[in-house]
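Structural description and commentary
As a plain string of letters, each chain reads:
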Amino acid sequence: MIKEFIGTGKTIEEATVSAKTGLNAPLTADVKIEIVQMPKKKVLGLFGGSDAQVKASYDDGKKERKPKQKKSRPVQEKKPAPKKAEAPKKAEAPKKVPASKEEKPEVEKISDSDIDLDYVCAYLKTMIDSFKVDDAKVTAKVVDGVVEVNVDCDDYGIIIGRRGETLDALQYLTSLAIKKSTDKYVRVTLNVGDYRAKREETLRALAIKNANYVVRTGRRYGFEPMNPYERRIIHTAVQEVEGATSRSVGSGMDRKVLIEPVGGVRHSGNRGGRRGNNRNSAPASTPDPNREKRVDRADIPKFGKIEVNKD
């Protein structure tokens, strides 16, 4: 089998060296050199010109294998198979619904043995101590799969924060710490000085009061942004007032509750002007007896009214 390689170069010698190097023939091989193209100089050193090309080849003594050709067989015509009598169709069995779709698996309840409550108390106590709160006592217990944590101290305000924002943040961090240690989702409720119960009573009273206002006036009322727990309290309380409905609007930290009358907001007919203006004034259709009759200015001469004696 003959192997060959074409090398290029500015001169015949460079092209020959390039061809032998690219061929990579054994030292004992009989290498043949053939000049394919002579080098051409450029016109005025700028245009045209080409490199020399040399072909180097040798025979490695191996026979070239030819691919075997497959013998073609005569194509036989297939006879149509006899038709079989169709069997009666069987009634389709009802499809089985996976168990996951029929019934949702119950959430695994967590007991005291699944969670290190001492670790939970120590973790929360460390964060509270950073607030410089003295003599804070932290206790925790598991009730119906929920970790209830209670903090007892003298200074409640700094732990609760503005509208309970600091308390919610501590509760969230505690739930993350438990999830990291147990690798399970655990619901946590954090309470300080019975704040949760008092806050729930306040929100229920506000919801019922403003729902009655909405039914009476036909206007909507919007609360300030709240967390999901407090919004749920508002929605539950509004359901007790007939003629009022509630919905959540906004996104993220700005999500809040709107209370509206059933059937939509009613708009009043008096849209222009200020409230209370012209309260003592008579209606436009009622004539004022003290008001002088208007005189048509077209009948008055330019230089005043001239009286003429008829005598």
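In this report, the structure presented in the accompanying data block is examined.

What counts and what doesn't
Note that residues are indexed from 1 along each chain, following the sequence as it is written. Only residues with pLDDT of at least 70 are given local features in this predicted model, and only at 80 or more are side-chain atom pairs given and counted; all residues enter the totals for whole chains, interfaces and linings. Excluded from the side-chain calculation are hydrogens and water; included are all heavy atoms of the structure. A run of DSSP states H or I qualifies as a helix once it reaches four residues; a run of E qualifies as a strand once it reaches two. Both are numbered from the N-terminal end. Partly exposed describes any residue whose relative accessible area lies between the buried limit of under 20% and the exposed limit of over 50%, with all areas from a 1.4 Å probe on protein chains only and scaled to the type maximum. Should any heavy atoms of two residues lie within 4.5 Å, those residues are counted as being in contact. For every accessible area listed, the method is Shrake-Rupley and the probe measures 1.4 Å; residues are considered covered only by the protein chains on display. Here, strands pair whenever DSSP counts at least two bridges between them. With axes taken as lines fitted to C-alpha atoms, and helix axes fitted only over the stretch in contact, angles between N-to-C directions fall between 0 and 180 degrees. Patches here are clusters of residues that have more than 30% relative accessible area and form no salt bridge, with a 9 Å joining cutoff for like charges and a 5 Å cutoff for nonpolar side chains (Val, Leu, Ile, Met, Phe, Trp, Tyr). The rule for a salt bridge is simple: a side-chain nitrogen of Lys or Arg has to be within 4 Å of a carboxyl oxygen of Asp or Glu. One less than the residue count of a helix, multiplied by 1.5 Å, gives the span that helix is expected to have. For this quantity, the arc is that covered by the directions from the helix axis to the C-beta atoms. Between rings of Phe, Tyr and Trp, where Trp is taken as its six-membered ring, a pair exists when centres lie within 6.5 Å; planes separated by under 30 degrees are stacked, by over 60 edge-to-face, and by other angles tilted. An angle counts as roughly parallel when it lies under 35 degrees, as roughly antiparallel when it exceeds 145, as roughly perpendicular when it falls between 65 and 115, and as oblique in every other case. If you view the pair so one helix is near and one far, a crossing is left-handed when the near helix is turned anticlockwise from the far one by less than a right angle, and right-handed when it is turned clockwise.

A tally of regular secondary structure across the protein gives seven helices and nine strands. Among the 311 residues that make up the protein, the fraction classed as buried is 23%. Of the contacts formed within the protein by residues at least 6 apart in sequence, a portion of 58% connects residues at least 24 apart. Surface exposure of the protein reaches about 26,500 Å², of which carbon and sulfur atoms provide 51%.

This paragraph deals with the sheet that holds strand β4 (residues 137–143). The sheet built from three strands is open, its strands ordered β4-β5-β6 with mixed pairing. Of all the strands in the sheet, the pair left with one neighbour each is β4 and β6 (187–192). Taken over all neighbouring pairs, the strand axes of this sheet differ in orientation by 20° on average, direction set aside. Of the strand pairs in this sheet, β4 and strand β5 (residues 146–152) are connected by seven bridges, and their pairing is antiparallel.

To continue, consider a nonpolar patch on the surface. Taken together, the side chains of Y172, L173 and L176 define a hydrophobic patch exposed on the protein surface, amounting to about 290 Å² of accessible area. Relative to the assigned elements, Y172 resides in helix α5 (residues 165–182). Judged by its relative accessible area of 53%, Y172 is exposed.

With 18 residues, α5 should cover 26 Å at 1.5 Å per step; its first-to-last C-alpha distance of 26 Å lies within 8% of that length. Those residues of α5 lying buried are L167, L170, T174, S175, A177, I178 and T182. For α5, the angular spread of buried residues about the axis comes to 160°, placing them on one side. With respect to the buried face of α5, the exposed residues turned more than 90 degrees away are Y172 and K180. Following α5 by one or two positions, D183 has its phi on the positive side, about 60°.

This next bit is on helix α6 (residues 195–217). Three- or four-residue spacings in an α-helix give side chains the same orientation, since the helix completes a turn every 3.6 residues. Helix length check: α6 (23 residues) gives 33 Å between terminal C-alpha atoms against 33 Å at 1.5 Å per residue, within 8%. Of the positions making up α6, those classed as buried are Y195, R196, R199, L203, A207, N210, A211 and V214. Positive backbone phi, at 80°, marks G218, one or two positions downstream of α6.

To continue, consider the sheet that holds strand β9 (residues 256–261). Taken in spatial order, the three strands line up as β7-β9-β8 in an open sheet, and their pairing is antiparallel. Among the strands making up the open sheet, the edge pair consists of β7 (221–222) and β8 (244–249). Here β7 pairs with β9 via two bridges, running antiparallel. Note that in β9 the partner of Y221 across the bridge is I259. Running at roughly 40° to β9, α6 makes contact with β7, β8 and β9 of the sheet. Sitting on the sheet, helix α7 (residues 228–238) touches β8 and β9, and the angle it makes with β8 is about 160°.

Take the packing of aromatic side chains next. All chains considered together, the criterion is met by two aromatic pairs. With a centroid separation of 6.3 Å and an interplanar angle of 35°, the aromatic rings of Y119 and Y123 are classed as tilted. Residue Y119 and its partner Y123 are both found in helix α3 (residues 117–129); the two are separated by four residues, about one turn of the helix. The exposure class of Y119 is partly exposed, given its relative accessible area of 36%. The exposure class of Y123 is partly exposed, given its relative accessible area of 28%. Each ring, one from Y221 and one from F223, has its centre 5.2 Å from the other, and the planes form 85°; the classification is edge-to-face. Residue F223 is classed as buried on the basis of its relative accessible area, which comes to 7%.

Next up on the list: the packing of α3 against α5. The interhelical angle for the contact between α3 and α5, taken along N-to-C directions, is 140°, at an axis separation of 10 Å. With respect to α5, the axis of α3 lies oblique. Taken as a pair, α3 and α5 cross one another with a handedness that is right-handed. Residues Y119, V120, Y123, L124 and M127 of α3 pack against L170, L173, T174, A177, I178 and S181 of α5.

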